Amino acid sequence: MLPARAPQSLRVIEAFDLIAPDGKIHRFPKLTPLQRAAAWLHSLAEPAILMAVVLGLIYAAGVLGREYGELASDPCKIGFLLWARQFVA
């Protein structure tokens, strides 16, 4: 089903007023070019950092999975599990 109206482009808010509960009006001026560049870089850096963390966790899981993969098939290969078995029974 087609939308009734064509989608409009987003409006960029350059300045805004904040009305506090006590009735005071705080006016925030429009950002300087340097502040806009910093906000743009911050918006790019945040997803990049999250992506790096997720990829690092995936890599660490792969390394640990390769090292301890035989544990799933034969848990007796690790001496600690043999030692810990005496406390379970």
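See the structure above.
Residues numbered from 1 in each chain as written. Predicted model: local features only at pLDDT ≥ 70, side-chain atom pairs only at ≥ 80, totals over all residues. Heavy atoms only, no water.

1. A look at the overall build of the chain
Counting its regular elements, the chain contains 3 helices and 2 strands. Overall, the chain shows an N-to-C arrangement of helices and strands of β-β-α-α-α. Counting every position in the chain, which comprises 89 residues, the buried fraction comes to 2%. Accessible surface computed for the chain: about 8,800 Å², of which carbon and sulfur atoms make up 69%. (Helix = DSSP H or I, 4+ residues; strand = E, 2+ residues; numbered from the N terminus. Buried < 20%, exposed > 50% of the residue type's maximum accessible area, 1.4 Å probe, protein only. Areas by Shrake-Rupley, 256 points an atom, 1.4 Å probe, with all protein chains shown as cover.)

2. Describing a nonpolar patch on the surface
A cluster of nonpolar side chains, namely M51, V54, L55 and I58, defines an oily patch on the protein surface of about 400 Å² accessible area. In this structure, I58 sits in helix α1 (residues 33–67). (Patch = residues over 30% accessible without salt bridge, like charges linked within 9 Å, V, L, I, M, F, W, Y side chains within 5 Å. Salt bridge = Lys/Arg side-chain N within 4 Å of Asp/Glu carboxyl O.)

3. Thoughts on the pairing of strand β2 (residues 25–28)
In the sheet, strand β1 (residues 16–19) pairs with β2 via 4 bridges, with the strands oriented antiparallel. In the sheet register, L18 faces β2, and the bridge partner there is H26. (Pairing = 2+ DSSP bridges.)

4. Concerning the environment of L31
Mapping L31 onto the fold places it in the loop between β2 and α1. Spatially, the C-alpha atoms of L31 and A15 are 7.7 Å apart, while their sequence positions differ by 16 residues.

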